[in-house]
Structures are given as structure tokens and as C-alpha cells.
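Take a look at the letters that make up each chain.
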Amino acid sequence: MPKRDPRKASARQADEQFAQSSPHPTSIQASREWSPSHDLSATGFQGDNGVVLVLNASESAALLGVYLLTVLQGHANLCGITLGPSTTHHRVFAPRSSPIPVISWVPTERYSKRPLPSSVHASPDATVVLIQYADTGVEGLSRVCRVFENVFKPARDTPARDIGIPEIRLISHSTKDVLPFTLPPSWETGLLCMDPASNSETDTTVIPVCVVKGPKKSGKSTFSRTLLNRLLNRYRRVAFLECDVGQSEFTPGGMVALSIIENSDVIPLVVNTMGWTKGLGADLNARIEELVEPSHVFEIEGSEEWGWPTRSTELAGDTVPFCGRAENVVRVQLEAIQAEATNMHVFSAADHRNINMLSYFHATFPPLIAEHQPSTSIPFAVPSPVSLRQVIADSWDATLPLCARYPFEVRCESAFDRIYLVGPGYEDVVPSELPSVVNCAVVGLIAYDTSTKEAEVAPMDQGVSALPYSPGQPPPHPSTLNCLGIALIRGVFSSTDPSPTPSHSPSTHLHILTPLPPSILGYARVLIKGELELPIWGMLDFREGEEGGIAGVEREQVPYLQWGKGEGLGSQRRRVRRNLMRKAQM
């Protein structure tokens, strides 16, 4: 990459009309001119070359793509979090399906830096960051779910320029499809309640337990994620309790999950609640708040049309955020994120739920290191690496669709103690229909307390079915269960079917797809099938193209799938009456 002239770059930028929220850097200096064996290695970094980004006072930059960010000098703000010089490579995922993270210069009283390459010239108060390409394979998920096709590339009308790294573009203007990530003023003020250096009233002796609540589409998950990162500046380990089962932050949807980030003895807790704010939903959120006994409650105000109550009259005249203490609980009121600041008009919540699940099945997780001592964090036989350790995918493999991947083949009768069906209508499923129900089903892989096996798992009538299933039986109590992950049952073969590995005894074999390793999969003794379903994109074979079939079968011959407008029985939208009483009826 040829060396750029900062004066020419500044002149070009002065002639352009930038949007108020569209940041841009003054100069970009290419580290491809460094000598990897001398200049780059002298800074303590190894690996692929990148570019060094120099930001002076009040400057910022927005990059589209997947990259590693390392602060070399000064401090940088990223998504509301301040990062200082270190050897840490921060992985940044910046698709245009979400607001783009902005790297901003941050003033600081004490300037610190790591050794810089001799080719980089920056003033002492400048922020210098190293940008490198992160090869994670996440871009391949756009082949799986076409809704997100090319989300890591700029749209046709998006002004973007190359910075010398493949697949990474500098965004200079915000458009309707590419928006920068910004924190509403009340959010920034509310987050200061957690910072003892900025708020003298913060009680440093109280371990924070923070509940975030508000209506749907108000930014609860975004604020919870920002709050989590802010707490990581003070604590080495933070717990995140996900109660929004529709759009989980760290796990696939459909489960209440407690995720532990990093490692420490003192663990604050962030609780992200759901946007169901009427009737039973409001009661459930209130029950969650009662159970966790929060020290801080961040309440995002929403429109009454979404079911959020009108702001009380005593608070109506105050400026947001209102920060008050009642019964030793700090309550902070925040404004809802504006719809025009999100990409919901292009990518719906259902789209994000779909890509969340598909990314899980195509994820590659780092190998687990077995511990010699058994874990005491949970009272039953689950391997200690999955107890209080957060395992995050480090890459994704989308080279093959799910229909072309090699599955695990397990003998159902010996691998699982029980199969449960939960949800409306499942109580009527008879044992003979179970293979059809679980075929192509998304199930939870459950480990449970073996000491309660005889008490919780009732005996079955083996004369009715060879499968470990009894109609209408509720699952064991949640306190005895631990969901290790989810799996896709891609095929069901009985002893009479032409199975690839036929058995001489009556049995049922399941073909299971899951990113869990065999060492963890062996602890899953229970399968639970709920209302979570595989997105239609997961059933398709992207190798066949738009006009092709699935796994070599012409699309007109593929069972259960129909292209074009639905017709006939079952084509209408399913309506389920769950008989939930409204709050006034209780």
C-alpha cells in the first residue's frame, strides 16, 4: 500500500460534507511498510500486518468489517467503553445489520503508550490504534442466511474507502443502511452511577446487581451489553443473567442463561429482562426483580403504545435520567433508543433471532481443558469446564450447509434417559408419533442431577414405546437441570428403516448436529423439545444456488418445503391460544 500524505488526506476531507454523526480520521498510516522482522516485532506484536490509525483531539473513525483493535497510545472509546494501551487484541464485529462501532479519541490526564514503529509519527496526546484483519469465518454465515448477505460489505450507496486491509472499509458518511453506534445522553449519564470516580454517591462496598427493564425495541440489550463492559473496567468477572429468551446475548435463544465473563472472586450481576410488559409479562419481570434483589435498576422509558406505563407526575418535570434511591435501590430512568438510530427497518428482530441460531450451529468453539478437581459450582455430574466458565466461539465454518455435515449417530434408548415435549399441543403426542415430532427438531441437551433420577423420572411402559418418552409428563424441576447447549435432530432411524448402521435389536437412532464436543455431549442424558424451531435458512442447501434443490434433490421434490405463496391446509399463520390471564383477571 503506498504511503499516504496526511496533508492531502486532510484536504480531501475538508472538501467533503460529512454528516454530523459520521466520524472520520485525519490520517491513516500503513503498517504494511513496517518490517515484520524488525519494526513490527519491536512493538511486541506478531501475526499479520495491519494499519495504524492516528486520532487527534475530537477525531474518530468507523470501520465496517471484522477486525482486531489494539490501543498503542492514549485512550480510545469504543461503544461507550474506554480502552487503554495494552497487548490485548479486541475482536470487533461491525456488520451494517447493526449500528457501526465508532473508534473515538478520548482525553486523558496521564498519557501512556507502547513502543510505536519508527514510521508512525503521532503527538503525545494523540490516540494510536493498530487495526488488523480477524479471520473468523463469520462472513460465511451470509451464505447460510441470505437476509444477511454482504452485511460486512458496504451497500451500493455507502461512501467507503479501502484502508489497505482486505474486507475492512472506512465509512465516512452515515446512510439509512449504515448508522453509527451512539449512546443517548441519558444512557451516558446513567452509566456514571456505576463509576465511583465520577459519582461520589456510589457505594463501593455494595456489589452491583443491576436490572435493566423496558419495553421491546427500546434498547435493553444494547444498554445491558454496555453496562456489562463498563463493569468489566472495575471487576475482572461479571455475571450476565439473560431473561430475554427471544434474543439472547451469549447463548442461543429459548433459554434463561447465566453467563460469567472473565475471572474474579467478586462478581457483579447484570440482568437483562424481556420486553413483555403487560399482564403476566409485567408480573414475571417484577418477580425477577424480587428474586435478584438489585442494587441498581435501569428503567428505559417507552411509548405507551408498547404497553409501558406513563411516567409518574412527580418525575415528569425532571430531566432524564432520573437517579434516585429507594429502599437501598438506586433507580435510574433512561430514554428509549430512537428507531431511526437502529437498523430495524432493514433487519427485523426475527432476522436477528435466525442468524443467532444459525451462527450457533456453524460455530467453532475452542477446546475445553479438563480440570483435575471436580467442580463444586453445581451439585451434579457436569464437567467443570462448563460450570462457571464462559466459552465463546472463536470462529465459524460455513463451508457446508447443515444438510451436508457429518452428524453424531446415537442410539436413543441407551444415550438418553428421557425425552420431554413442552409447549401447547405437545401433551397430545402419542409415543408412536414421537419420531415424526423430533425429526428436524431443535432440542435442548440437558444434564441433570442423577441423585433425583428415580424421584424425578417416572418409569415408562416399555410395551408402548421403545423410546424414553411418556405423553404429558412435565420435565424435572429446573433446579436439577443444566442446559449444555442445543442440537438439531437431522434424522430419525428405527430398526426397520434402512439405517446406515442397522441394529439387530429394536432401537431408534438419532442423527444429531451440535457444536458441543463429544466430551460434553456424553453428559446430556435428557432431551427437551419446546417451541424453538430451525429457521428455514438452516434447511436450505446454499451450494445449489437460488434455483437449485437441497442435497441434490430437486426443490419440487423436497418434503415439508414449498417455494412461493403458500396454499392449502396449513399455509395460514398458526395461532396458539395459551390461555394466559391478564393482570386485571388475576
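Anything mentioned here points back to the structure above.
Below, the structure is looked at part by part. If you're wondering where the values come from, they're calculated on a predicted model, not measured in any experiment.

Parameters and conventions
- Residues numbered from 1 in each chain as written.
- Predicted model: local features only at pLDDT ≥ 70, side-chain atom pairs only at ≥ 80, totals over all residues.
- Heavy atoms only, no water.
- Phe/Tyr/Trp six-rings, centres within 6.5 Å; stacked < 30°, edge-to-face > 60°.
- Helix = DSSP H or I, 4+ residues; strand = E, 2+ residues; numbered from the N terminus.
- Buried < 20%, exposed > 50% of the residue type's maximum accessible area, 1.4 Å probe, protein only.
- Pairing = 2+ DSSP bridges.
- Axes fitted to C-alpha atoms, helices over the stretch in contact; angles between N-to-C directions.
- Contact = heavy atoms within 4.5 Å.
- Salt bridge = Lys/Arg side-chain N within 4 Å of Asp/Glu carboxyl O.

In this description, a pair of aromatic rings is defined by centroid distance and the angle of the planes. In the structure shown here, the tally under the stated rule is seven aromatic pairs. The interplanar angle of 15° and the centroid separation of 5.1 Å between the aromatic rings of Phe148 and Phe347 together place this pair among those described as stacked. One end of the pair, Phe148, is in the loop between α3 (141–144) and β9 (160–162); the other, Phe347, is in the loop between β17 (329–334) and α8 (349–361), and 199 residues separate them in sequence. Comparing Phe148 with Phe347, the two get one shared label, buried. Taking the centre distance of 5.3 Å and the plane angle of 80° together, the rings of Phe240 and Phe250 count as edge-to-face. Separated by 10 residues along the polypeptide, Phe240 in strand β12 (residues 237–242) and Phe250 in the loop between β12 and β13 (257–262) bring together distant segments of the chain. Here a set of aromatic residues connected by ring pairs shows up, and it is made of Trp187, Phe223 and Phe298.

For Asn150, which is not a glycine, the phi torsion comes out positive at approximately 60°. Looking at the secondary structure, you find Asn150 in the loop between α3 and β9. Positive phi, close to 50°, is recorded for Glu293, a residue that is not glycine. Residue position: Glu293 is located in the loop between α6 (279–292) and β15 (296–300).

Our next topic: the sheet that holds strand β21 (residues 418–421). A sheet is described by the order of its strands in space; here six strands give the open sequence β20-β24-β23-β22-β25-β21, paired in mixed fashion. What marks the edges here is a single partner per strand, and that holds for β20 (408–411) and β21. With direction set aside, neighbouring strand axes in the sheet form an average angle of 40°. Relative to strand β23 (residues 481–494), strand β22 (residues 441–448) runs antiparallel, the two being bridged by eight bridges. Of the residues in β23, the one forming a bridge with Val443 is Ala487. Sheet contacts for α8: β22, β23 and β24 (508–513); angle to β23, the most-contacted strand, approximately 80°.

A complete count under the given rule lists 10 salt bridges for this structure. Across the salt bridge formed by Glu289 and Arg331, the nearest N and O atoms sit 2.8 Å from each other. Highlighted residues: Glu289 in helix α6 and Arg331 in strand β17, separated in sequence by 42 residues. Between Asp417 and Arg525 there is a salt bridge, with the nearest N and O atoms lying 2.9 Å from each other. Here Asp417 is found in the loop between α9 (412–415) and β21, whereas its partner Arg525 is found in the loop between α12 (518–521) and β25 (526–529), with 108 residues between them in sequence. Put simply, Lys213, Glu289, Glu299 and Arg331 are held in one network by salt bridges that share partners.

Note that every value here comes from positions in space, so none of it alone points to a role or purpose.
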